[in-house]
Amino acid sequence: MILKLAAFTLGLTVATGAAAAPLHLVCLGNGSANRITSSSGSAWASNGASAWGQVIGTRDVPFDDQVNIELADDGTGQIRMPRAMLPKIRGGKDGWFEVRDVVKGQDEITGTVQVNVFNSPKLRIDRIRGHLSLSGKSGDYAGVCRPYDPATVQRAF
């Protein structure tokens, strides 16, 4: 009976096709984060009149960082974003953020990273050259990715 069950299970696996392993990527690169800045000043005239003003703007802050990505064949995925691009109010779980609307094409993979309700950077991975780009309200990032298998990866120490 056990032999028949094993044969049936093997036949079912062959007929339906085994599920492909998720794609694990590690990407090294750099980017620029958008940071809010403000300046204020005041002035006095000789007749006693005064004026005050404030300017609010953004500035680019360069950074280097690593991005980790896991993409499953079912269209789901997650990404560990560069810390410099993360706003103070954000979602995620244990540093990982959901990648939505994943489209795996022959030459590229695209998706949207759900950081919070106001910030959803666009993700693009060039499958030919291995280039990754993230672009959103909090900044931009570009890197080069390598696939790896977490079960067999050689540890540095």
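The structure this text deals with has already been given above.
So, here's what we can say about the structure. (Residues numbered from 1 in each chain as written. Predicted model: local features only at pLDDT ≥ 70, side-chain atom pairs only at ≥ 80, totals over all residues. Heavy atoms only, no water.)

1. Focus on the packing of aromatic side chains
Note the cut-off: The pairing test for Phe, Tyr and Trp rings, Trp by its six-membered ring, is centres within 6.5 Å, and the orientation test on the planes gives stacked under 30 degrees, edge-to-face over 60, and tilted for anything in between. Helix and strand assignments follow DSSP, with helices taken as H or I runs no shorter than four residues and strands as E runs no shorter than two, numbered in order from the N terminus. Partly exposed residues are those whose accessible area sits between 20% and 50% of the maximum for their type, while under 20% is buried and over 50% is exposed, using a 1.4 Å probe and protein chains only.
Summed over the entire model, instances satisfying the criterion amount to 1 aromatic pair. Judged by centre distance (6.2 Å) and plane angle (10°), the ring pair of phenylalanine 63 and tyrosine 141 falls under stacked. Taken together, the positions of phenylalanine 63 in strand β2 (residues 50-71) and tyrosine 141 in strand β8 (residues 139-147) put the pair 78 residues apart, joining distant regions of the chain. Exposure remark for tyrosine 141: the relative accessible area of 2% places this residue in the buried category.

2. A word on the state of the cysteines
How we decide: To count as a disulfide, a pair of cysteine sulfur atoms needs to be within 2.5 Å.
Taken as a whole, this structure holds 1 disulfide when the rule is applied. At a sulfur-sulfur separation of 2.0 Å, the disulfide partner of cysteine 27 is cysteine 145. Looking down the S-S bond of the cysteine 27 and cysteine 145 bridge, the torsion is 100°, so its handedness is right-handed. In this pair, cysteine 27 is assigned in strand β1 (residues 23-44) and cysteine 145 in strand β8, connecting sequence segments 118 residues apart. For the pair shown, cysteine 27 and cysteine 145 are each scored as buried.

3. Describing the nonpolar core
Stated precisely, the cut-off is as follows: For our purposes a nonpolar core is just a set of buried Ala, Val, Leu, Ile, Met, Phe, Trp, Tyr and Cys residues, chained together by side-chain atoms within 4.5 Å. In what follows, residue pairs with any heavy atoms lying within 4.5 Å of each other are defined as contacts.
Ile69, Ile79, Met81, Val113, Leu123 and Leu132 are the most contacted members of the largest nonpolar core, which totals 23 residues. Broken down by secondary-structure element, the contributors of at least two residues to this core are β1, β2, β4 (96-104), β5 (108-113), β6 (122-126), β7 (131-136) and β8. Sorting elements by how many residues they give to this core places β2 first, with 4 residues. Look past the residues within four positions of isoleucine 69 in its chain and what remains in contact with it is Leu23, His24, Leu25, Cys27, Gln78, Ile79, Trp96, Leu123, Ile125 and Leu132.

4. So, the sheet that holds β4
Applied cut-off: Whether two strands pair comes down to DSSP finding at least two bridges between them. The axes used here are C-alpha line fits, helices contributing only the stretch in contact, and every angle between their N-to-C directions lies in the interval 0 to 180 degrees.
Read once around its circumference, the closed barrel built from 8 strands follows the order β1-β2-β3-β4-β5-β6-β7-β8, with strand pairing classed as antiparallel. On average, each strand axis in the sheet is inclined to that of its neighbour by 30°, with strand direction left out of account. Both β1 and β8 contribute to a ladder of 9 bridges, which runs antiparallel. For glycine 29, the partnering residue across the bridge sits in β8 and is glycine 143.

5. Some words on the pairing of β6
The sheet contact formed by β5 and β6 spans 5 bridges and is antiparallel. Opposite threonine 112, over in β6, you have lysine 122 as the bridge partner. Judged from the 4 bridges that link them, β6 and β7 form a sheet pairing that is antiparallel. Counted as the bridge partner of isoleucine 125 is leucine 132 from β7. Linking β6 to β7, which pair antiparallel, is a turn of 4 residues; within it glycine 130 sits at a positive phi near 80°.

6. Regarding the pattern of salt bridges
Definition in use: When a carboxyl oxygen of Asp or Glu is within 4 Å of a side-chain nitrogen of Lys or Arg, the pair counts as a salt bridge.
Evaluated as defined, the whole model comprises 4 salt bridges. Between aspartate 73 and lysine 104 there is a salt bridge, with its nearest N and O atoms 3.2 Å apart. Of this pair, aspartate 73 sits in the loop between β2 and β3 (77-80) while lysine 104 sits in strand β4, placing them 31 residues apart in sequence. Classification of lysine 104 as partly exposed rests on a relative accessible area of 34%. With its nearest N and O atoms 3.1 Å apart, the salt bridge here joins arginine 129 to aspartate 126. The exposed category is assigned to arginine 129, whose relative accessible area is 54%.

So far we have only geometry, and geometry alone does not tell us how the molecule works.
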